[in-house]
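Here is how the chains run, residue by residue.
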Amino acid sequence: MEGEPGNVVLAFDWTQLTVDEKYCQILGYEEDELVGRKMWDLIHIADVEKCQSMVANSARSGKGTVTFTNKMNCKDGSLVIVSTEVRNIGKKEMICLIHLISSESKETRHLWNVLNDRVEEFKRASRELKSTRLSKHQKELVHALENVVYSMERIVMNNTAGPRSNNWHRQEVKAKNEESKVEEDVKSLTSEQLEKIGSKRPRHT
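Since the model is a prediction, treat every value here as computed from it, not as a measurement.

Attention now moves to the confidence of the model for the protein. For the protein, the average pLDDT comes to 77, and 71% of its residues sit at 70 or higher. Low pLDDT (under 50) marks residues 161-172, which in the prediction has 26 contacts with non-local residues, meaning those over four places away or in another chain. Predicted confidence for residues 197-205 stays below pLDDT 50, and this span has 18 contacts to residues more than four positions away or in other chains.

Shown next, in the form of structure tokens:
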């Protein structure tokens, strides 16, 4: 972890009551931009449900303290991975310590967003194909397309659902390699196989 943690005092509904300079530095915001804002708005959407569940479990057990690793959204659009320690859960005011672990570049985040968009496009295309009358051979082609979509979806989920590694440079290289490989497979399907059945091709953005 990098240096001292950022400190936040939270209301029962997770509204940020006070924030210190370190916390502002981690996220790139000014103090007045954070005070009065709910912390859930700053935690990456893929991590919110997991974090809320851990907090709820801690409250039910009476422990009053929980620690989890999550991504947070910075003002400039980048992400940081942090270790979040919440104390006094269930009290009128809670103490939250934010330890910076590592950061993720905007370029990496953009890459996963692009992949996610393509996954959704191909899922829609697959549904359209399945809704038409297809021969056995055509169904096999659609099934092949679905396998490609599944592979893409798994890649995206593995890199957006939560932090996997502190070495983001290695992840950037891996992401680019994976995208190139999947894109080649998809191009092969759309230009050769899907054309044979005369179906609507998925649009590339």
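So, on to the pattern of salt bridges. For the coordinates displayed, the defined rule picks out 3 salt bridges. With a closest N to O distance of 3.5 Å, D13 and K38 form a salt bridge. A residue pair is termed long-range when its members are at least 10 positions apart, and D13 in the loop between β1 (6-11) and β2 (16-19) and K38 in the loop between α2 (31-34) and α3 (45-61) qualify at 25 residues. For K75, the salt bridge is made with E33, and the minimal N-O distance between the two is 2.8 Å. With K75 in the loop between β3 (66-73) and β4 (79-87) and E33 in helix α2, this pair connects stretches of sequence that are 42 residues apart. Since its relative accessible area comes to 30%, E33 is described here as partly exposed.

What follows covers the state of the cysteines. Applying the stated criterion across every chain yields a total of 0 disulfides. C96 carries a free sulfur, and the closest cysteine sulfur to it, the one in C51, is 9.8 Å from it.

Further remarks concern α3. Its 17 residues place the ends of α3 25 Å apart at the C-alpha level, agreeing with the 24 Å of an ideal helix rising 1.5 Å per residue. Taken residue by residue, α3 has D47, V48, C51, V55 and S58 as its buried positions. Seen along its axis, α3 keeps its buried residues to an arc of 110°; they face one direction. Facing away from the buried side of α3, by more than 90 degrees, are the exposed residues E49 and R60. Looking at the buried residues of α3, the elements they touch are β3. Looking at the residues trailing α3, positive phi occurs at G62, about 80°.

A word on the pairing of β2. Side chains on a regular strand alternate between the two faces of the sheet. Pairing geometry for β1 and β2, over 3 bridges, is antiparallel. The residue bridging V9 from the neighbouring strand is T18, located in β2. Linking two consecutive strands that pair antiparallel, namely β1 and β2, is a turn of 4 residues; a positive phi of about 75° is found at W14 within it.

This part is about the side chain of S78. Structurally, S78 can be placed in the loop between β3 and β4. One polar contact links S78 to D76, side chain to side chain, over a distance of 2.6 Å.

Let's shift gears to the nonpolar core. Judged by nonpolar contacts, the single largest core of 29 residues is most densely connected at Y23, L27, M39 and M72. Of all elements in the fold, only β1, α1 (21-27), α3, β3, β4 and β5 (93-104) reach the threshold of two or more residues within this core. For L27, the contacting residues outside a window of four places in its chain are L34, L42, M72, N73, C74, K75 and V80. In terms of nonpolar packing, the next biggest core, distinct from the first, is built from 11 residues, W112, L134, V142 and V149 among them.

Next up on the list: the side chain of S58. Within the secondary structure layout, S58 lies in helix α3. The class of S58 is buried, set by a relative accessible area of 5%.

Rules used in this analysis
- Numbering of residues begins from 1 in every chain and follows the order in which that chain's sequence is written.
- Predicted model: local features are reported for residues with pLDDT of at least 70 only, side-chain atom pairs are reported and counted for 80 or more only, and whole-chain, interface and lining totals are derived from all residues.
- Side-chain metrics in this entry use all non-hydrogen atoms of the structure; hydrogen atoms and water are not considered.
- The predictor's confidence in any single residue is recorded as pLDDT, a number from 0 to 100.
- Any two residues having at least one pair of non-hydrogen atoms within 4.5 Å are treated as being in contact.
- The term salt bridge refers to a pairing of a side-chain nitrogen on Lys or Arg with a carboxyl oxygen on Asp or Glu at a separation within 4 Å.
- A helix here means a DSSP run of H or I that spans at least four residues, while a strand means a run of E at least two residues long, and both kinds are numbered starting from the N terminus.
- Categorising residues by exposure relies on relative accessible area from a 1.4 Å probe, with only protein chains included: less than 20% of the type maximum marks a residue as buried, more than 50% marks it as exposed, and the intermediate range marks it as partly exposed.
- Any two cysteine sulfur atoms within 2.5 Å of one another count as a disulfide.
- Multiplying one less than the number of residues by 1.5 Å gives the expected span of a helix.
- To be clear, the arc concerns the directions from the helix axis to the C-beta atoms.
- DSSP-based pairing: two strands are paired if at least 2 bridges between them are found.
- Identification of polar contacts relies on pairs of N or O atoms within 3.5 Å, with a donor-acceptor requirement for protein atoms, meaning one able to donate a hydrogen and the other able to accept it, and with residues adjacent in sequence counted only if both atoms are side-chain atoms.
- We define a nonpolar core as any set of buried Ala, Val, Leu, Ile, Met, Phe, Trp, Tyr and Cys residues linked to one another through side-chain atoms lying within 4.5 Å.

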